[in-house]
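Fold and contact review
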Amino acid sequence: MNARIAGIDEAGRGPLAGPVVVAAVVFPPGRTPVNGLDDSKALTARRREALYPRIIERALAWKIVFIEPVEIDRRNIYHATLHGMREALLGVAHMADCARIDGNRLPADLPCPAEAWIGGDARDRTIMAASILAKVARDRAMHDLHALYPHYGFDQHKGYPSPLHLQALRDHGPCPVHRRSFAPVRNLGGAPLQGDLLADPAPC
């Protein structure tokens, strides 16, 4: 009998703001029930949005985990990502015989056998599906954060260190969803941390 494989991938390790998002997907054994899967980075936003509900509808199980900036700063991005991968796998472990995790390291204390697949989001269809769920979920979250903090352009660069984002940081200082442990945020040379000055999440 074919194994039920949980594919796991993340989105958002590199940005200066917003969560890192990890997704896990388990498909039925045999032929993948969703056509058109690929590494999320190779797909247009429109195509990812079209695939998202199909993956959820046809998966045996799926889970999306958000690790927020305060947790990233507390753990560091490496350990925060591993923590998210473990939490995502725990959410689908009842339907999985084993797991394939994109990357070169495995989290500790996993609930089932697992392999680390370097470049897995271009090699394994369950990891591709997980990468799409993670990317779409994170992009949607960054659009929501743009409504709260419009000065930063989160809807355009999704928190990555684009020239627009770096200039906004210099002009306005960090807001509550910036990762203060990341060097471009940490090394602002005395710019105010807006989240420390505001009692509510009004735009900073």
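Residues numbered from 1 in each chain as written. Predicted model: local features only at pLDDT ≥ 70, side-chain atom pairs only at ≥ 80, totals over all residues. Heavy atoms only, no water.

1. Considerations on the state of the cysteines
According to the stated counting rule, one finds zero disulfides in the structure shown. Among the cysteines around Cys98, which has no disulfide bond, Cys112 carries the closest sulfur, lying 6.7 Å off. On the basis of relative accessible area, Cys112 is assigned to the buried category, the value being 12%. (Disulfide = S-S within 2.5 Å. Buried < 20%, exposed > 50% of the residue type's maximum accessible area, 1.4 Å probe, protein only.)

2. As for the confidence of the model for the chain
For the chain, mean pLDDT is 92; residues scoring 70 or higher make up 92% of the total. Throughout residues 189–193 the model reports pLDDT below 50, and contacts reaching past four residues in sequence, or to other chains, amount to seven contacts. This stretch, residues 195–204, has a pLDDT under 50; its non-local contacts, to residues over four places away or in other chains, come to 20 contacts. (pLDDT = per-residue confidence, 0-100. Contact = heavy atoms within 4.5 Å.)

3. Here's the deal with unusual backbone geometry
With a phi angle near 55 degrees, Asp109 is a residue other than glycine that sits in the positive phi range. Summarising the element assignment, Asp109 is placed in the loop between strand 4 (98–102) and strand 5 (114–117). Residue classification places Asp109 among the exposed residues on the basis of a relative accessible area of 63%. Of note in the backbone geometry, Lys158 takes a positive phi value of approximately 55 degrees without being a glycine. Mapped onto the fold, Lys158 is located in the loop between helix 5 (154–157) and helix 6 (163–172). (Helix = DSSP H or I, 4+ residues; strand = E, 2+ residues; numbered from the N terminus.)

4. Remarks on the side chain of Thr32
Tracing the sequence through the fold places Thr32 in the loop between strand 2 (20–26) and helix 1 (45–58). With sequence-adjacent residues up to four places away left out, Thr32 is seen in contact with Phe27, Leu37 and Arg125.

5. As for the packing of aromatic side chains
Taken as a whole and judged by the stated rule, the model has one aromatic pair. A centroid spacing of 5.5 Å and a plane angle of 15 degrees characterise the contact between Tyr152 and Phe154, whose relative ring orientation is stacked. On the basis of relative accessible area, Phe154 is assigned to the buried category, the value being 0%. A cation over a ring is seen here: Arg140 above Tyr52, with NZ or CZ 4.4 Å from the ring centre. (Phe/Tyr/Trp six-rings, centres within 6.5 Å; stacked < 30°, edge-to-face > 60°. Lys NZ or Arg CZ within 6 Å of the ring centre and 35° of its normal.)

6. Things to note about the pattern of salt bridges
Applying the stated rule across the entire model yields 10 salt bridges. Salt-bridge contacts for Asp97 lead to Arg4; the nearest nitrogen and oxygen are separated by 3.2 Å. Of the two residues, Asp97 sits in the loop between helix 3 (77–92) and strand 4 while Arg4 sits in the segment before strand 1 (5–11), which places them 93 residues apart along the sequence. When salt bridges with common partners are traced through the structure, they connect Asp39, Lys41 and Asp121 into a single cluster. (Salt bridge = Lys/Arg side-chain N within 4 Å of Asp/Glu carboxyl O.)

7. Side note on the packing of helix 1 against helix 4 (residues 125–148)
With their axes 9 Å apart at the nearest point, helix 1 and helix 4 run at an angle of 120 degrees to one another. Taken together, the axes of helix 1 and helix 4 lie oblique to each other. In the packing of helix 1 onto helix 4, the handedness of the crossing is left-handed. Packed against helix 1, whose contacting residues are Arg48, Glu49, Leu51, Tyr52, Ile55 and Ile56, the element helix 4 presents Ala129, Ile132, Leu133, Lys135, Val136, Ala137, Asp139 and Arg140 at the interface. Across the contact of helix 1 with helix 4, the residue classes break down as nine nonpolar, no polar and five charged. (Axes fitted to C-alpha atoms, helices over the stretch in contact; angles between N-to-C directions. Parallel < 35°, antiparallel > 145°, perpendicular 65-115°, else oblique. Left-handed = near helix turned anticlockwise from the far one by under 90°. Nonpolar A, V, L, I, M, F, W, Y, C, P; charged D, E, K, R; others polar.)

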